[in-house]
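# Commentary on secondary and tertiary structure
Below, each chain spelled out in residue letters.
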Amino acid sequence: MKYILVTGGVISGVGKGVIASSFGTLLKSCGLDVTSIKIDPYINIDAGTFSPYEHGEVYVLDDGGEVDLDLGNYERFLDVTLHRDNNITTGKIYQLVIEKERKGEYLGKTVQVVPHITDAIQEWVERVAETPVRGDSKPQVCIIELGGTIGDIEGMPFVEAFRQFQFRVKRENFCCAHVSLVPSPSSTGEPKTKPTQSSVRELRGFGLSPDLIVCRSEKPIGSEVKEKISNFCHVAPDQVICIHDLSSIYHVPLLMEQNGVIEFLNERLQLNIQPSKREKCLQKWKDLARRSETLRKTVNIALVGKYTKFKDSYASVIKALQHAALAVGYNLNLNFIDSSLLENETLQDAPSKYHKEWQLLCESDGVLVPGGFGSRGIEGKIKACKWCRENRKPFLGICLGLQAAVIEFARNVLGLEDANTTEINPKTSNPLVIDMPEHHTGQMGGTMRLGKRTTIFSEEPSIIKQLYGNPKSVDERHRHRYEVNPKYVPQLEEQGLRFVGCDDTKQRMEVIELRNHPYYVGTQYHPEYLSRPLKPSPPFLGLILASVGRLPNYIARGCRLSPRQQSDASSDEDDLQITAKINNLKLNGTGSSTFLTPNGRGAAELFLNGGGGTTSAEASDTEMGSKTPLNGGL
């Protein structure tokens, strides 16, 4: 097993997660199986109880692990499935050691940071590094990101553990990369290397010598600065890698490859990468980066949420929207709208903010209402749902977004004016959303419905089912403790709000879809967690397609994107031609069977009536990814 440790200096948030992911992307593109571990020195057991303002979004894994958002970067870049143990915290390590001490496993010895805590860290890393993350193949390289900044007191046990670990696994199996900031003060405009020098000196003082120094900067750094860092930090000039701010993170692995990172790691870790594999290295990422630079059209999406002051609160949602927009050939312009500013109280207290937020919402091409907890801003989300429903604006609701859409429909269509969720009003006479049996009041951590669960689609046709490729079921990740009250489902469906997906007990509602609407979809699960750069999530892809007016034609194609749609290289001639053919089918009832569904109805007619169904143009594959040329799966 080969290990690459990524540490950070000068400031936190310098980009260690993207750098670590890029290391993995480079090696994986050369045919190696790669896994990742994120170490967070905080004492929390996991990230599940964090406020989004405290540490960004809580990322959920297949096994229900609530982990740091950097593991989302690893899964998206590497297209792997990580586990809860791939996230190490101080709390987990101390909990493990204390449990052993209580069982008497240390035979009466004094339990200390060294050797017991440091040994536990090393044993954890070695165990998790062997765990398969893609099929059954054993990983060959493990990328380890040490969170925080070198010198932080809470990170000391981990630094000491890796000082010992480098001798435990031998030099040819261990490499250290240090990510540091090279600031350029506006007063001089000159890159300053002193912070990096101090950071490296401190790291070396703890017994770890960096093999690579990755310098983060706002603008490209000249060779003189690299040579200065090389001279004062005891590394060769080619071991200093400069990564400046780029237009897209897809360019980071490419820039690292241009700086000879693959050659260095191949020699330093004796990876024996074959030249034949390196010739095709990163081709899919190069295509992706090139496509992202050639987009000319823009789609405007409004994200109506509660934590909009800190964009990392919706990191995976943002990435999923970007993946879908890029797949369709559009730049994403994302407008963050604080849902509390859409409420009547704001109209009274701050009318200018109220009208500004509503203007952003009204000018958007599509609207997304993400998940959240608590009462603040919920009425604003409900108002946004109502506006999208009444004005036929493409809409996607996730978790709380689905619940808000159901409550709004019950209030304004069913006439249940006091409809609400018991999370907000436990005494409501019409509890449209109720808490689940797993939720134990008073115990916050790990009590929600977490991780991958199966959603079974109904037999009736639906747009969302067709976007997935018409499977009988899909597996998606969940994170919630409230659900739609099944008692109200018949009333809601009778008025046109269809529940087209549920769990295997048919008691938990998973997916809603509104009849006679261009795109009004809600999911109780979080599809953003499984979105990938080359494999966009179907609900997000549907939102983007509907927002740019291409969803009917996409469905008519058998849920395939045309090359022109992907590249944005021409006008919408293809779409206009297909629309004309579809209209001809609707008017005459004849035409090429390519655009007919199995029951003989035109695809566009079925779409406009709120239905779905498999077109004869679809291949036998049932997964959406197998139908689109964008499914490269890095």
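Structural data are supplied above this passage.
Read on for an overview of the structure. Residue numbers run consecutively from 1 along every chain, following the written order of its sequence. For this predicted model, a pLDDT threshold of at least 70 governs which residues receive local features, and a threshold of 80 or more governs which side-chain atom pairs are given and counted, while totals over whole chains, interfaces and linings are taken from all residues. Note that water and hydrogens are dropped before the side-chain values are worked out from all heavy atoms of the structure.

With that settled, the discussion passes to unusual backbone geometry. The peptide bond linking Val114 to Pro115 adopts the cis configuration, its omega dihedral lying at 15°. Each helix is a run of DSSP H or I of at least 4 residues and each strand a run of E of at least 2, with the numbering of both proceeding from the N terminus. The topology assignment puts Pro115 in helix α5 (residues 113–129). Even without a glycine there, the phi angle at Asn470 is positive, about 60°. Along the chain, the position of Asn470 falls in the loop between α18 (463–468) and β17 (473–480). The class for Asn470 is buried, based on a relative accessible area of 17%. Phi is positive for Lys506, which is not a glycine, with a value near 60°. Relative to the elements of secondary structure, Lys506 occurs in the loop between β19 (497–502) and β20 (509–514). The rule is simple: take the accessible area with a 1.4 Å probe, protein chains only, and divide by the maximum for that residue type; under 20% is buried, over 50% is exposed, in between is partly exposed.

Ordered by their spatial adjacency, seven strands build an open sheet running β5-β2-β6-β1-β7-β8-β9, and the pairing between neighbours is parallel. The open sheet has two edge strands, β5 (87–89) and β9 (240–244), and neither has a second partner. Along the sheet, successive strands turn relative to each other by an average axial angle of 20°, direction set aside. Here the rule is simple: two strands pair whenever DSSP picks up at least two bridges between them. Bridge analysis of strand β2 (residues 34–40) against strand β6 (residues 141–146) gives six bridges, and the strand direction is parallel. For helices, the axis comes from a line fit to the C-alpha atoms of the stretch in contact; other axes are also lines fit to C-alpha atoms, and the angle between any two N-to-C directions lies between 0 and 180 degrees.

With mixed pairing, the nine strands of this open sheet are ordered in space as β11-β10-β12-β13-β21-β20-β19-β16-β17. Each edge of the open sheet carries a strand with a single partner, namely β11 (330–338) and β17. For this sheet the average axis-to-axis angle between neighbouring strands, irrespective of direction, equals 25°. Where strand β13 (residues 395–398) lies against strand β21 (residues 520–523), four bridges are found, and the strand directions are parallel. Across the sheet, the residue bridging to Ile398 is Thr523, located in β21. It only takes one pair of heavy atoms within 4.5 Å for two residues to be counted as in contact. The sheet contacts of helix α17 (residues 400–412) involve β12 (366–369), β13, β19, β20 and β21, and relative to β13 the element is tilted by about 115°.

This paragraph deals with the pairing of β9. Burial of β9 is extensive: four of the five residues sit out of reach of the surface. As defined by bridge partners, strand β8 (residues 212–217) adjoins β9 across five bridges and the pair is classed as parallel. Paired with Ile213 across the bridge in β9 is Val240. Viewed along the sheet, the connection from β8 through helix α8 (residues 223–233) into β9 turns out right-handed. For crossovers, right-handed means that the path from the first strand over the helix to the second runs clockwise, given strands pointing away from the viewer.

The next subject is the pattern of salt bridges. Opposite charge on two side chains allows them to pair when their charged atoms are near. Any Lys or Arg side-chain nitrogen located within 4 Å of an Asp or Glu carboxyl oxygen qualifies as a salt bridge. Under the counting rule described, the total for this entry stands at 31 salt bridges. For Glu190, the salt bridge goes to Lys192, with nearest N and O atoms at 3.6 Å. In this structure Glu190 comes out as partly exposed when scored by relative accessible area, which is 43%. The salt bridge involving Glu408 is made with Arg389; its shortest N-O contact spans 2.7 Å. With Glu408 in helix α17 and Arg389 in helix α16 (residues 378–390), this residue pair connects regions lying 19 residues apart in the sequence. Neither Glu408 nor Arg389 differs from the other in exposure class; each is buried. Within this structure, Asp62, Glu75, Asp79, Arg134, Lys452, Arg477, Arg532 and Lys535 form a network of salt bridges that share partners.

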